[in-house]
Structures are given as structure tokens and as C-alpha cells.
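# Per-entry structural report
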Amino acid sequence: MTLGTVYSETTIFAPPREFLADAPYQLLIVTLDDGGRVTGRVLGDTVHIDDRVELAEDRGGVPFFRLRIEAS
Amino acid sequence: MRPVAVIGMGKTAFGAFPQKDLRALAVEAGQKALADAGVAPEQVEAFYLGNFAGPSFVGQSHLAPYIAGAMGITGVPCTRVEAACASSGSAFFHGVSAVGAGLYDLVLVSGVEKMTSAETPRVAEILAMAGDCATEGKAGATFPALFALIAKRHMHQFGTTREHLAAVAVKNHANGAKNPDAHMKKVITPQQALAGKMIADPLTIYDCSLVSDGAASVLLCPLERAHEFTSQPVRVLGLAQTSDYVALDRKADITCFPALQAAARKAYQMAGLGPDDVDLAEVHDCFTIAEIVAIEDLGFAPKGRGGFFSFDGETAIGGSKPVNTSGGLKAKGRPVGATGVAQICDLVLQIRGEAGERQVAKHRIGLAQNLGGSGATCVVTILGGVA
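Just so it is clear, the structure is predicted and the values come from calculations on it, not from any experiment.

## Here's the deal with the overall build of chain A
- Tallying secondary structure elements over chain A gives zero helices and five strands in all.
- Counting helices and strands in the order they occur from the N terminus, chain A gives β-β-β-β-β.
- A globule of 72 residues ought to have a C-alpha radius of gyration of about 11 Å, and chain A, at 12 Å, matches this closely.
- For chain A, the spread of C-alpha atoms along the principal axes amounts to about 40 × 20 × 15 Å.
- Relative to its 72 residues, chain A shows a buried fraction of 35%.

## A closer look at the pairing of strand β4 (residues 52–59) of chain A
All names here are of chain A.
- Bridge analysis of strand β1 (residues 3–12) against β4 gives three bridges, and the strand direction is antiparallel. Looking at β4, one finds that Gly-4 is bridged to Val-53.
- Inspection of the sheet shows β4 paired to strand β5 (residues 62–67) by six bridges, in the antiparallel sense. When the sheet's bridge partners are listed, Asp-58 is paired in β5 with Pro-63.
- Connecting β4 to the antiparallel partner β5 that follows it, the hairpin turn spans two residues, and Gly-60 within it adopts a positive phi of roughly 60 degrees.

## Concerning the sheet that holds strand β11 (residues 377–385) of chain B
Residue and element names in this part refer to chain B.
- Sheet architecture is open: nine strands sit in the order β3-β2-β4-β7-β1-β8-β11-β10-β9, paired in mixed fashion. Lying at the two open borders of the sheet, with one neighbouring strand each, are β3 (78–81) and β9 (280–282). Averaged over all neighbouring strand pairs, the angle between strand axes comes to 25 degrees, with direction disregarded.
- Where strand β1 (residues 4–11) lies against strand β7 (residues 213–222), seven bridges are found, and the strand directions are antiparallel. Following the sheet pairing, Ala-5 is matched in β7 by Cys-221.
- Running at roughly 130 degrees to β3, helix α3 (residues 63–71) makes contact with β2 (46–50) and β3 of the sheet.
- Where helix α10 (residues 258–271) meets the sheet, it contacts β8 (234–243), β10 (365–372) and β11, and its direction lies at approximately 150 degrees from that of β8.

## Notes on the nonpolar core
Residues and elements named next belong to chain B.
- Membership of the largest hydrophobic core comes to 150 residues, with the highest contact counts inside it found for Val-6, Phe-47, Val-218, Leu-219 and Leu-220.
- Tallying contributions element by element places helix α7 (residues 143–158) first for this core, with nine residues.
- The residue makeup of this core includes at least three contributed by each of domain 1 (4–119 + 212–233) and domain 2 (124–209 + 235–385).

## Details of the domain arrangement of chain B
All names here are of chain B.
- Split into domains, chain B comes out as domain 1 (4–119 + 212–233) and domain 2 (124–209 + 235–385).
- Here the C-alpha centre of domain 2 lies 22 Å away from the C-alpha centre of domain 1.
- If you look at the interface, domain 1 gives 42 residues, while domain 2 gives 34 residues.
- If you list the elements that add at least two residues to the side of domain 1 that touches domain 2, you get β1, α2 (54–58), α4 (87–100), β4 (107–114) and β7.
- For the side of domain 1 that touches domain 2, the leading source of residues is α4, giving seven residues.
- Grouping the amino acids of the side of domain 1 that touches domain 2 by side-chain chemistry returns 25 nonpolar, 14 polar and three charged.

## Describing the interface of chain A and chain B
- Counting from both sides, the interface comprises 24 residues of chain A and, opposite them, 25 residues of chain B.
- Listing elements by their share of the side of chain A that touches chain B, those giving two or more residues are β1, β2 (25–32) and β3 (37–42) of chain A.
- The element that contributes the greatest number of residues to the side of chain A that touches chain B is β1 of chain A, accounting for six residues.
- A class-by-class count of the residues in the side of chain A that touches chain B yields 13 nonpolar, six polar and five charged.

## Here's the deal with helix α14 (residues 339–352) of chain B
All names here are of chain B.
- Under the 1.5 Å per step criterion, the end-to-end length of α14 is 20 Å for 14 residues, consistent within 8% with the ideal 20 Å.
- Most of α14 is tucked away: 13 of the 14 residues are buried.
- Residue Gly-353 follows α14 closely and has a positive phi angle near 80 degrees.

## Some thoughts on the environment of Leu-27 of chain A
- Position of Leu-27 of chain A relative to the elements: it lies in strand β2.
- By the C-beta count within 10 Å, which is 25 here, Leu-27 of chain A ends up buried.
- Along the primary structure Leu-27 of chain A and Arg-68 of chain A are separated by 41 residues, whereas in three dimensions their C-alpha atoms are 16 Å apart.
- Each residue touching Leu-27 of chain A, except ones within four places of it in the same chain, is listed here: Glu-9, Thr-10, Ile-12 and Arg-41 of chain A together with Ala-139, Gly-140, Ala-141 and Ala-145 of chain B.

Rules behind the numbers
- Counting restarts for each chain, with residues numbered from 1 along the sequence as it is written.
- All chains are assigned letters beginning with A, and all ligands numbers beginning with 1, in the order in which they are written.
- Restriction of local features to residues with pLDDT of at least 70 applies here, the model being predicted, together with a cutoff of 80 or more for giving and counting side-chain atom pairs; totals for whole chains, interfaces and linings are based on all residues.
- Counting from the N terminus, the helices are the DSSP runs of H or I reaching at least four residues and the strands are the DSSP runs of E reaching at least two.
- With the radius of gyration taken over C-alpha atoms, the globule rule is written as 2.2 Å times the number of residues to the power 0.38.
- Any residue surrounded by 20 or more other C-beta atoms within 10 Å of its C-beta is treated as buried, while 12 or fewer makes it exposed and the intermediate range makes it partly exposed; C-beta atoms here are placed from the backbone.
- Pairs of strands are assigned from DSSP output, requiring at least two bridges between the strands.
- Under this scheme, a helix contributes an axis fitted over its contacting stretch, all axes are lines through C-alpha atoms, and angles between N-to-C directions fall in the 0 to 180 degree range.
- This entry defines residue contacts through backbone-placed C-beta atoms, with two residues in contact when those atoms are within 7 Å.
- To define a nonpolar core, we join buried Ala, Val, Leu, Ile, Met, Phe, Trp, Tyr and Cys residues through C-beta atoms within 7 Å and take the resulting set.
- For every domain, the bounds stem from an assignment made automatically or drawn from a database.
- When residues are grouped by polarity, Ala, Val, Leu, Ile, Met, Phe, Trp, Tyr, Cys and Pro land in nonpolar, Asp, Glu, Lys and Arg in charged, and all others, Gly among them, in polar.
- Helix span, expected: 1.5 Å multiplied by one less than the number of residues in the helix.

This is the structure:
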């Protein structure tokens, strides 16, 4: 499983035409546990900086992450 | 490199001008710059044009000779430079480099963009092409969204607030209201800025710069010949262009622009000056957060304190370090490809003491900083009056 930590995020209210149906939607940059960063989208609950996330799916090359609930 | 001077400047007003096409705007600015120095078009030895997306916005390519020809400049090298928002900053860098290297004496550098004839969603799509279309674009990132990511991280690490961002917008609107050529001459309150329509959280419409038409031009020559053309030459003391990855997620730290820091270091070194020597600056406030990061990267405020510095009024016209006395991209306007040369024009006005109601008291040394995309191109210029 691909895991990471939210480095930054924003919710987009004024999207390009292609993404009008999705708005508002959350965009994020994730620092991957295995190194490097990727730009992607969020599925489900809103995420915040430093939240743990997991890769939920890949849609045409765009990674979609969701909040990871980790036992503490 | 031999010393280079700006001997003439000209710009159009910035705004929405349905009756003026791209060429008419560029010709107006270019002719004003030539007239300012009393130079005829036939004397121009090379023309550099900064333009981001003329082919996409207005369906015309081959823009440099297209515009030069309309001004009566023919037979000489005419080159278009594209570097997103830093297109004309880069054109200026190349023009100064050519004069400095001794290739030419009289060089015209212009920037132009005609944006308001396109529908808003199309404008957003064209602007997004300044990012990495294969990753950021595909994920649905807009240009405001990239700077919103920067803002969120900056707020998280340094305690920057939305009130700090709003202070930048309020200050630049106040300055724009003093600039007869500004697109937006409307004073706003912090409450208005904070209550603006959300574009990409935390950035509201008031954190975003405008979509404008406009052009700006400067005429260059070797410093040793400057007095043939003007009694008030402005010398290029320091100049650097740098680059970085286009994609924001490739940067180790998005709360700064490494290319900006590098360009600043080089320009300061070339000028033999430091941040404290700069009397005023025009920085690239495509978004309010970009001005906050810029004043940190340029050394005007310590890292992480740019928001506080702005909120405390230090960057106002009467402050310790006036920034964007023209109104900046926020209020003066943002015809993308014209922004870099327009900054030079505004500094020339200030250094000459011709900035009218927005004139600052100390105006010997001015710094311009032009940024392309989310920091992949940066140009820093330091200008000074010639005693």
C-alpha cells in the first residue's frame, strides 16, 4: 500500500471547464513514505496538513488519496 | 559586461480594452518608449518581445516581427520570449545581455498580453499551461490552486494568516488607486478582502491578480551613450535570470522560491548591494502569498515574517520598504507577458521622480522581481539613477 503524509492541500471552487462537475474538490501534495512528492486529489473526508493518507486509486494517471485511520 | 541604461519607457494603461487588439497595444507602448528617448524606429538594432500566450489568446503567432513591422522596425533580429508570467522579465534579461555584450547599442524590449477577449474558463485553461500539464493540470490544479498550496503550507509553518494576505491586497489596491494607468483604482477594506468569493482556499478573489490587456516597453543603450538620448538615464546595476522545476511538487520547500533566492543573490552581487540598499521594489504579486514569499526571498523580511511585515505596514508607500507602489499585478493589472517590463517602467518613473501621487521619498535604488509559473523562471533586476 502506498502511504504518505499531506504536505499541503487546497479546495478548489473555481475549476477549469473540464472539472466543473467535480467542484468544489480538494487538491493535495503528498510526501510519500517511500520518498518524493506527488500532486493528487482526495476521496472522501477532507484532509489537512500532516494527516496520514493512503493511495485509494489511480484515475488515468492521477493519484486519489484518502484519509488513513491508523491505530495509535 | 559593459554597463547598460534604460533611456526610454512607455506603457499603455492596463485594463479591458475591447477596441484595442494585441498589436495596437504593443505598438502604442513601443512608440511611447521610442518617443521618450527621441529615437526613430529605424535606429533600433534589435527587438525582444515578452509574450506568454498570444497564439492561444488571440490566434496570432510570429509576434515579434509582426509587432516590430507595425512600428517601422524591420530587417533586424526580432525575438519573442516566453517564460509564463516572467516572459518580459526574461526578454529584458536577454535585451540587456545583448547590449551589455556589445552586440547592439539600441534595443527595444516590450511585453504584451491581450487576455480579456477570451472567456474566463478559457483564460484559466491557458494560464494553467504555465504549470505541469501532465501532473498538476491533469489532477485539476488551477493557477490559484498552486499558490493556495503555497499559502496553506506557509500559514502552517510560520503562522501567516488570512489577515496578512488581505493586508497585501488592501495595500496594493490603495496604491493602484493612485496610479492613473491601473486596471483597478478601487480602495478596498480588509473586511471586503476577507469576505471575497473563495477561489482556492485560502485565496479569495481579492488574493488573485487581474485578467488584463496591456503592454509596456523600454529602450536600452550602453550607459556611455545614454546622455545622447536622455538627461535621466536609469542604470541596470544588477540582473539575473534563474530557473527551477515547473511542477510545484518537485520543490523541496514550497514556502520559498529557490529560483528567486538565487536570482536575488546574483543580482545583489552584481550590483554590489544588499536588501537594505533597496529603496523600493516591484515584486510579482500574482497572488497575495507570492508577494509575502517574495519579500522574504529578497531579504526584506526574515523567513516566515513576510506576512507580519506586510500587516505592519512596512511595505506601504510611507513604510520602511515600499513594495508595489504601482498597485502591483493585484491592482495595476496582470497582462501576463507585459508584467516584467511594466515593473521596470514603474521603477524608472519612481527613480526619475515622476511617479506623481505614489512617488516615494527615497527613490535612488529600485528592485524588480518577475516570476514565471509557480517559480520555474525568475528574473531580478536592480536599477539605479545616474547622478
